[in-house]
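Summary of the model geometry
Letter by letter, the chains look like this.
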Protein chains: 2
Amino acid sequence: MLLSKACIYGIRASLYVAAMHEQKRPFVPIREVSDKLELSFHFLTKILQQLTAAGLMKSYKGPNGGIAFTREPKDIKLIEVVSAIDGLDLFKECVLGLPGCGHKQPCPFHDKWATTREAIEIMFNATSLEELATKGKRMNLRLSAEITMDDLLKTA
Amino acid sequence: MLLSKACIYGIRASLYVAAMHEQKRPFVPIREVSDKLELSFHFLTKILQQLTAAGLMKSYKGPNGGIAFTREPKDIKLIEVVSAIDGLDLFKECVLGLPGCGHKQPCPFHDKWATTREAIEIMFNATSLEELATKGKRMNLRLSAEITMDDLLKTA
DNA sequence: ATTATTAAAGATAATTTAGTCTTAAATATT
DNA sequence: AATATTTAAGACTAAATTATCTTTAATAAT
C-alpha cells in the first residue's frame, strides 16, 4: 500500500472540504465529514489535526465551528496533504529499504525506481485539491465506497 | 512504503541467491543469506517459505541443505517475488483505497494513478533477478546497508 | 450564567506487521 | 545407529498502525 489509511482518509476528507468550499461553504464540522464519508469521527479528528498543525487547515470550536482550508483549494497540492500525514519519505526511500541509497550509492534497483518515484511525486505535486474536487463533481465520482460527489452535495 | 519489510527482505535474499547462482553455487543455506544480509534468520526462513510455496524456490533439509531457484534467475521476474509475498493488490488498488474503483467507477484520482501504477507494474515485470544481480556485481552495489556485492562474493 | 455544540487531548483497545524462540522433521556424515 | 546440520512449523513477543472511548477546552446561543 502506497499511502497509510490515515493519509487516504485525510485525502478523502480534504476533497470533501474542497467540494464544500466550491459550494461557498468553506467551514464544515468534522462530524459532517465523518458521517458522509463513513469514517470514524475520532480517528478523522486526529488526522485533520495534523493538517491543522501543518497550517493547511484552520479550526474553530463551539457551535457552528468546524474546519476549513487556510488557502484556496486551487492553490493546495495533494502532496501537501500527503506530506502532512505520511511525510515525504515515500519520495526519498529506496524501494529495497536500504539507508543511504541514492545516486552516489545506488542499490541494484535504484535507477529504475528513481524514475517511477519521481513520476509519483510529480503526480501529487501537479494535482490541486480543487482540480480533483471539480472533476469529481463533474463526473459524479465516488469519495467513499458507496457515496458519489452528487450524493454528498444534494444531502449537504 | 510501497513494499512490506517481508517483501523487501525477500527481494534482497533473492538477489543474493541469484548472484550465487551465477557463481555456479545455486544452493545456499538460509543461515548464510541471513548472516550476509544481516537479516533475522527465522524471519527470513518464513519469507523464503513463501517463495518455496509459490514454486519459485526449492529447498532441501539436512547438511549441505539450502534453497535454490527452480528456474534460471534470468527467467524470473521481480514481480513474481513481490506477488508471492505481498500479492498483486498493489497493482490493482485504488490510491484512495476505494473498493471497486476502476475504469467504470473511477475515483477522482483514478486516471492519473492508473497510469503510474501501470508504470510500476511494468518495471517489476520487465526486470529479471539475473539482470539486477549482474548489474549489482558489475557496479559493486549494496544489498544490505553495509555490504556490497563484491564483499558478499569474496567472503562467500 | 447556563446549556449545547464543537474541536483538542489523552487513555485505552484492537488489529496488523514484524520479529523471536522452541520443537519437529528430514538428511548427510560418521 | 548416532550425531550434526539444516529447513519447517508453531507458539509466542514486540512494535506500529488503526480505531474507540472519555474528558477537557472553547465558543455560540439562550
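See the structure above.
I will try to describe carefully the structure that is included in this document. (Residues numbered from 1 in each chain as written. Chains lettered and ligands numbered in written order. Predicted model: local features only at pLDDT ≥ 70, side-chain atom pairs only at ≥ 80, totals over all residues. Heavy atoms only, no water.)

What to know about the packing of helix H1 (residues 5-22) of chain B against helix H4 (residues 78-86) of chain B
Residue and element names in this part refer to chain B. Definition in use: Fitted lines through C-alpha atoms serve as axes, helices being fitted only where they are in contact, and the angles separating the N-to-C directions of these axes extend from 0 to 180 degrees. Secondary structure elements are taken from DSSP: a helix is a run of H or I of four residues or more, a strand is a run of E of two residues or more, and numbering for both begins at the N terminus. Throughout, the term roughly parallel applies to angles under 35 degrees, roughly antiparallel to angles over 145, roughly perpendicular to angles from 65 to 115, and oblique to all others. Should the near helix be turned counterclockwise from the far one by less than a right angle, the crossing is left-handed, whereas a clockwise turn marks it as right-handed. Two residues form a contact once any of their heavy atoms are found within 4.5 Å. Gly falls in the polar group here, along with every residue not listed as nonpolar (Ala, Val, Leu, Ile, Met, Phe, Trp, Tyr, Cys, Pro) or charged (Asp, Glu, Lys, Arg).
Running from N to C, H1 and H4 cross one another at 140 degrees; their axes reach a closest spacing of 9 Å. One element, H1, and the other, H4, form an angle in the oblique class. The crossing of H1 and H4 is right-handed. Counted together, Ala-6, Cys-7, Gly-10, Ile-11 and Ser-14 of H1 and Leu-78, Val-81, Val-82, Ile-85 and Asp-86 of H4 form the full contact between these two elements. Residue composition of the contact of H1 with H4, by class: seven nonpolar, two polar and one charged.

Looking at the protein's contact with DNA strand D
Where we set the bar: We call a residue near a molecule or strand when any one of its heavy atoms sits within 4 Å of it.
Close contacts around DNA strand D come from 23 residues, with Ser40(A), Pro63(A), Ile30(B), Lys46(B) and Ser59(B) the closest. The sugar-phosphate share of atoms of DNA strand D within 4 Å of the protein amounts to 65%. At the level of elements, helix H1 (5-22) and helix H3 (41-53) of chain A together with helix H3 (41-53) and strand E1 (57-60) of chain B are the ones that each hand at least two residues to the surface near DNA strand D. When the residues that make up the surface near DNA strand D are grouped by side-chain class, the tally is eight nonpolar, ten polar and five charged.

Regarding the interface of chain A and chain B
In plain terms, the rule: Joining two parts hides part of their accessible area as seen by a 1.4 Å probe, and the buried area is that hidden amount summed over both. Criterion for a salt bridge: a side-chain nitrogen of Lys or Arg within 4 Å of a carboxyl oxygen of Asp or Glu. A 3.5 Å cut-off defines polar contacts: any pair of N or O atoms within that distance qualifies, except that in protein one atom must be a possible hydrogen donor and the other a possible acceptor, and neighbouring residues in sequence count only when both atoms are side-chain atoms.
At the junction of the two partners, chain A supplies 39 residues and chain B supplies 39 residues. Carbon and sulfur atoms make up 66% of the area that chain A and chain B hide from each other, which totals about 3500 Å². Together, Leu96(A), Pro108(A) and Arg142(A) form the three largest contributors to the area buried by chain A at its contact with chain B, with a combined 21%. Linking chain A with chain B are four salt bridges, by the criterion used here. Between Glu131(A) and Lys112(B) there is a salt bridge, with its nearest N and O atoms 3.2 Å apart. Linking chain A with chain B are ten residue pairs in polar contact (both at pLDDT 80 or more), by the criterion used here. Considering every element that reaches the side of chain A that touches chain B, the biggest residue donor is helix H5 (residues 110-126) of chain A, with eight residues. For the side of chain A that touches chain B, a count of residues per class yields 25 nonpolar, seven polar and seven charged.

Digging into the relation of the copies chain A and chain B
Note the cut-off: Here the copies are matched by least squares. The fit uses the C-alpha atoms of residues with pLDDT of at least 70 in both.
Note on the identical chains: chain A maps onto chain B by a rotation of 180 degrees and an axial translation of 0.0 Å, with an RMSD of 0.0 Å. Here the copies are linked by what is in effect a two-fold axis. Residue Leu2(A) of chain A places its C-alpha closer to the rotation axis than any other residue of that unit, at 2.4 Å. Interface overlap between copies: 100% of the residues of chain A at the interface are likewise at the interface in chain B, consistent with a symmetric, same-surface contact.

Thoughts on helix H2 (residues 30-37) of chain B
Residues three or four positions apart in an α-helix share a direction because the helix packs 3.6 residues into each turn. All names here are of chain B. How we decide: Each residue is placed in one exposure class: buried if its accessible area under a 1.4 Å probe, protein chains only, is under 20% of its type's maximum, exposed if it is over 50%, and partly exposed if it falls in between.
Among the eight residues that make up H2, six are buried, leaving the element largely enclosed by the rest of the structure. Looking at H2, one finds that the buried residues are Ile-30, Glu-32, Val-33, Ser-34, Lys-36 and Leu-37. Next to the buried residues of H2 lie H1, H3, strand E2 (66-69) and helix H7 (149-154). Backbone geometry just after H2 places Glu-38 at a positive phi near 55 degrees.

Considerations on the packing of aromatic side chains
We describe a pair of aromatic rings using the distance from one ring centre to the other and the angle between the two ring planes. All names here are of chain B. Heads up, the rule is: To pair, rings of Phe, Tyr and Trp, with the six-membered ring standing in for Trp, must have centres within 6.5 Å; the planes then decide the type, stacked if under 30 degrees apart, edge-to-face if over 60, and tilted in the middle.
In total, this model carries eight aromatic pairs over all chains according to the counting rule given. Here the aromatic rings of Tyr-9 and Phe-43 are separated by 5.9 Å at their centres, their planes lie at 90 degrees, and the arrangement is edge-to-face. Highlighted residues: Tyr-9 in helix H1 and Phe-43 in helix H3, separated in sequence by 34 residues. A centroid spacing of 5.3 Å and a plane angle of 40 degrees characterise the contact between Phe-27 and Tyr-60, whose relative ring orientation is tilted.

All we've got here are geometric facts, nothing functional implied.
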